[in-house]
Structures are given as C-alpha cells and as structure tokens.
Amino acid sequence: MRIGIIGTNFVSDAMVEAANVTHKFELVVACTRRLENAEAFALKHNIENFTNKHEDLLNYDLDAVYIALPNALHKDVALFFLEHKIAVFCEKPLASNISEVLEMMKASKKYNTLLMEGIIPVYSNGIQAVRKHLDRIGTVRNATFAMNQYSSRYDAYRAGEVLNAFKPELSNGSTMDIGVYPTSVAIALFGKPDHVLASAYKLESGVDGKGTILLQYADKDVIVTHSKISNQMLKPEISGEDGVIQMNHISLMNEVIVKENKKDAEVVYADYDTPQMVNELLAFEKAYQNQAIEAYPGAHQLSIDIHEVLTEARRQTNIVFPADQ
Ligand SMILES: NC(=O)c1ccc[n+]([C@@H]2O[C@H](COP(=O)([O-])OP(=O)(O)OC[C@H]3O[C@@H](n4cnc5c(N)ncnc54)[C@H](OP(=O)(O)O)[C@@H]3O)[C@@H](O)[C@H]2O)c1
C-alpha cells in the first residue's frame, strides 16, 4: 500500500518501524508543518519525498495517509483525504469531540473510503487473549483500568512553558491523550456503559492534567484513571466472581495473566518484542484490500461510543476546547 505520513514526531517513528515489519506498506512521502522536520524524517527513514503541505500528497498516487498531528487538526486533514478517496489511518483520539467524529464517519460513508482510528490496545493480541479467557473469571463485577503516564512535556509545563501536549486549542490533555486508552479497552470489552461519571484536575492552561471516569454498567463498574502529570505502578485488572485477569499495561497489553479463584496464576499471553502498531496496521491494510470503509464491522461504532464517553466526561469536568464551540 502506498502511504504518506503526516506528522513526524516520535509516534510516527513507531509507525514506520511497525509498517516495515508488516512488509505491506510503501512509505512514499513525509509531511509536516516545518519542511526541515519533514526532510529530516524522510532522511532518517529512507523516504524519497517530503513536503510541508498536506495538499501536495495528492501528487503521489497514494492509497492511504497516516495522520499523527495534534488532535485538533485530525478532522480537517482526514476530511481532505477522504474527499479525495484516499484511505485514512488516524491516530487516537480520532477527533476533538463526538460531533467531529460523526462528521468524519459521514464522509467515510459518502466517499466510500476507509477511515480507521489507531488505538493500539483495541487491535492488540493482548485484548484477544483477554476476550478468550474472560469466561474463566465468571461474571465480571469490577475493572480498574489505570493509565497514569507522566508526560515528557510536563517538566517544561512546570518550568512555565506550555507545549502542545497541554494546549486546549490543540484538543489535548489527559482525557484525550491518555484516558482514551482505558476507555477504549473498556468499551471494546464490555460495550458502551449505561452511565458515565467523571472528575478531573484542570491545569491553568485549560486542559486536564489528570482525571477519573467511572463507567457504570448494570452489573459492573469500570474505574478509569488517567494522568499526564503522575506515574503509576498499579496494573490494570478485571475482577470477576470466579477470578481475576491482569494486564501489564492498558495500552501496550504485552502480557495477560489469568488467576482463577483457588488456582495458581497463569500467563496466557506474553509478547514484548513485536512493535506495538503492527496489528493495527495489518487490520488497516486488510480492510483496504477488502474495500471496506472500517477496520472491521463495528469499528466505526466503537469509535463513536468511545468519543461519546470522552465528550461527556469533558462536559462534566468543564474541559472545553475551541473545537467544541
Ligand atoms: N498511538 C500512540 O502510541 C501515540 C503516541 C503518541 C501520540 N499519539 C497521537 O499522535 C498524535 C500526534 O501526537 P504528538 O505528541 O506527536 O503531537 P505533536 O508533537 O504536538 O505534533 C506532531 C506533529 O504535528 C505537527 N504540528 C505540531 N503542532 C502543529 C500545529 N499547531 N499545526 C500544524 N502542525 C503541527 C508537528 O510538526 P513540526 O514539529 O514539524 O512543527 C509534528 O510533526 C496525537 O493525536 C496523539 O494523540 C499516539
């Protein structure tokens, strides 16, 4: 598949590493705001072409684009390519809010063009292992999905410089950048919750630094905690009447352990070697070859459910972006 890469920060390095492992992608052109960064990225990864205008990508006969820009820019850039019938693999979170997500889904349908939100754990072998073994722990009553990840950009914030990661005008902050992972896993496993109850700690920049989202179902609760301003040692787990499933990390999902009541714990899945984005890229490529507009039947609905929850969590905690108005 001929693909162009838009946004050249470290996540795009990870995408290239994974794409190379799949042998399914030809990296044709790199694009980012600053031409020198596009050139440096292209050089680093042996990509022949580079540009600082995403419109130029139409000149390269691309099948797809990978979008790794700040969240607030996802929608307009994705719409541009969907309208030109170029498939879009867009980094999480798909957009700033549910209205934008619905607009993107509508365009994907209208132009009959693949649109996928890249969320590593949703496509991971780890989540497949969780699904496979879920019956062993009986009726699920609770899940605690914590993802507290001190941002490399928070040092600068504390020193008085607000970088992209903490800017409301780019639709960033903890709910969007971090909370999206545990929320996605919860909804991918258990469906959309009946009720959502959120709290957050708002930074002076206007985004949330950390927060909690309680996802309430008739028979269980999922407690999502997320943070860009603190770390964690706690592991995510699902607690059922007959046992517990523990994951090493809610986004990476490299390891899954099942502990049935009165039995020894068993590692049912472990893979620390495969680059994390391989599975989602393979899902994207397969959907493209099948001429589908979503990565698998239900993938668009999953993104809609996730973003309804995230938008509601931000509404309750008064985290408002310019994109919401
Ligand atoms: N899947 C994952 O594991 C993962 C991990 C991290 C991030 N992400 C997602 O990837 C996306 C990018 O995150 P990031 O942290 O890399 O973002 P970022 O550092 O803020 O920006 C990424 C790219 O966007 C360009 N850019 C930055 N600000 C811009 C602006 N105001 N206007 C136009 N272009 C701008 C940058 O170009 P220049 O530097 O050339 O100016 C850079 O190439 C986000 O949606 C994030 O949630 C996913």
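Definitions and cut-offs
Residues numbered from 1 in each chain as written. Predicted model: local features only at pLDDT ≥ 70, side-chain atom pairs only at ≥ 80, totals over all residues. Heavy atoms only, no water. Salt bridge = Lys/Arg side-chain N within 4 Å of Asp/Glu carboxyl O. Helix = DSSP H or I, 4+ residues; strand = E, 2+ residues; numbered from the N terminus. Buried < 20%, exposed > 50% of the residue type's maximum accessible area, 1.4 Å probe, protein only. Pairing = 2+ DSSP bridges. Axes fitted to C-alpha atoms, helices over the stretch in contact; angles between N-to-C directions. Contact = heavy atoms within 4.5 Å. Lys, Arg positive; Asp, Glu negative; His and termini not counted. Phe/Tyr/Trp six-rings, centres within 6.5 Å; stacked < 30°, edge-to-face > 60°. Lys NZ or Arg CZ within 6 Å of the ring centre and 35° of its normal. Core = buried A, V, L, I, M, F, W, Y, C linked by side-chain atoms within 4.5 Å. Domains from an automatic or database assignment. Near = heavy atom within 4 Å. Polar contact = N/O pair within 3.5 Å; in protein donor to acceptor, adjacent residues only side chain to side chain. Areas by Shrake-Rupley, 256 points an atom, 1.4 Å probe, with all protein chains shown as cover. Buried area = accessible area lost by both parts, 1.4 Å probe. Nonpolar A, V, L, I, M, F, W, Y, C, P; charged D, E, K, R; others polar.

This next bit is on the pattern of salt bridges. Counted under the stated rule, the structure contains 13 salt bridges. Arg 2 is paired through a salt bridge with Glu 26; the nearest N and O atoms lie 3.2 Å apart. Of the two residues, Arg 2 is situated in strand E1 (residues 2-6) and Glu 26 in strand E2 (residues 26-31); the sequence distance between them amounts to 24 residues. On the basis of relative accessibility, which here comes to 43%, the residue Glu 26 falls in the partly exposed class. In this structure, the salt-bridge partner of Asp 324 is Arg 314, at a minimum N-O distance of 2.7 Å. Within this pair, whereas Asp 324 is found in the segment after helix H9 (299-317), its partner Arg 314 is found in helix H9, the two being separated by 10 residues in sequence. Taking relative accessible area as the criterion, Asp 324 reaches 31% and is therefore assigned partly exposed. Linked through salt bridges whose partners overlap, the residues forming this network are Arg 136, Glu 260, Lys 263 and Glu 266.

All right, on to unusual backbone geometry then. A cis geometry characterises the amide bond from Lys 92 onward to Pro 93, with omega recorded as -15°. Looking at the secondary structure, you find Pro 93 in the loop between strand E5 (87-91) and helix H4 (98-110). One non-glycine residue with positive phi stands out, namely Gln 291, at about 55°. By the secondary structure assignment, Gln 291 is in the loop between helix H8 (278-289) and H9. The exposure class of Gln 291 is exposed, given its relative accessible area of 69%. Despite not being glycine, Asn 318 has its phi angle at roughly 60°, a positive value.

With that settled, consider the sheet that holds strand E6 (residues 115-118). Spatially, the six strands line up as an open sheet ordered E3-E2-E1-E4-E5-E6, and their pairing is parallel. Two strands in the sheet have a free side with no partner beyond their single neighbour: strand E3 (49-51) and E6. The mean inter-strand angle of the sheet, taken between neighbouring strand axes irrespective of direction, is 20°. Where E1 lies against strand E4 (residues 64-67), four bridges are found, and the strand directions are parallel. Bridge assignment links Gly 4 to a residue of E4, and that residue is Val 65. Here helix H3 (residues 71-83) sits on the sheet and contacts E1, E4, E5 and E6; the angle it forms with E5, its principal contact strand, is near 165°. Strands E1, E4, E5 and E6 of the sheet are contacted by H8, whose axis makes an angle of about 160° with E5.

Moving on to the side chain of Glu 280. When you line up the elements, Glu 280 lands in helix H8. For the buried Glu 280, no salt bridge exists, and the shortest N-O distance to an oppositely charged side chain is 10 Å, to Lys 92. With sequence-adjacent residues up to four places away left out, Glu 280 is seen in contact with Phe 89, Met 116, Gly 118, Ile 119, Ile 120 and Tyr 123.

Our next topic: the packing of aromatic side chains. Each aromatic ring pair is described using two quantities: the centre-to-centre distance and the angle formed by the ring planes. For the coordinates displayed, the defined rule picks out nine aromatic pairs. With a centroid separation of 5.5 Å and 55° between ring planes, the pair formed by Tyr 66 and Phe 89 is classed as tilted. In this pair, Tyr 66 is assigned in strand E4 and Phe 89 in strand E5, connecting sequence segments 23 residues apart. No difference in accessibility class separates Tyr 66 from Phe 89, as the two residues are buried. Aromatic pair Phe 190 and Tyr 217: ring centres 6.2 Å apart, planes at 75°, arrangement edge-to-face. With Phe 190 in helix H7 (residues 174-190) and Tyr 217 in the loop between strand E9 (208-216) and strand E10 (221-227), the pair connects residues that are 27 residues apart, well separated along the chain. For Phe 190, a relative accessible area of 16% corresponds to the buried category. The exposure class of Tyr 217 is buried, given its relative accessible area of 9%. Through pairs of rings, three or more aromatic residues link up here, namely Tyr 150, Tyr 154, Tyr 157 and Phe 166. Above the plane of the ring of Tyr 217 lies Lys 220, whose end atom (NZ or CZ) is 5.2 Å from the centre.

If you look at the biggest cluster of nonpolar residues, it comprises 70 residues, and the most contacted ones within it are Phe 145, Ile 238 and Phe 284. Of all the elements, H7 adds the most residues to this core, at nine residues. Of the domains in this structure, domain 1 (2-120 + 279-293) and domain 2 (122-275 + 305-324) are the two that each give at least three residues to this core.

Turning next to the site of the ligand. Of all residues adjacent to the ligand, which total 22 residues, the nearest are Asn 9, Thr 32, Arg 33, Asn 71 and Asn 164. Arg 33 is positioned such that a nitrogen or oxygen atom in its side chain is 2.7 Å from an oxygen atom of the ligand. Here an oxygen atom of the ligand sits 2.8 Å away from a polar atom, N or O, in the main chain of Lys 92. Bound to the protein, the ligand loses 82% of the 890 Å² it would expose on its own.

If you check the domain split of the protein chain, you get domain 1 (2-120 + 279-293) and domain 2 (122-275 + 305-324). Between domain 1 and domain 2, the C-alpha centre-to-centre distance is 25 Å. Both sides together, the interface formed by domain 1 and domain 2 hides about 2100 Å², and carbon and sulfur atoms give 58% of it. Inspection of the domain 1/domain 2 interface yields zero salt bridges. Where domain 1 packs against domain 2, one counts 18 residue pairs in polar contact (both at pLDDT 80 or more). The leading source of residues in the side of domain 1 that touches domain 2 is helix H1 (residues 10-22), at four residues. Each residue belonging to the side of domain 1 that touches domain 2 can be placed in one class, and the counts come to 14 nonpolar, five polar and five charged.

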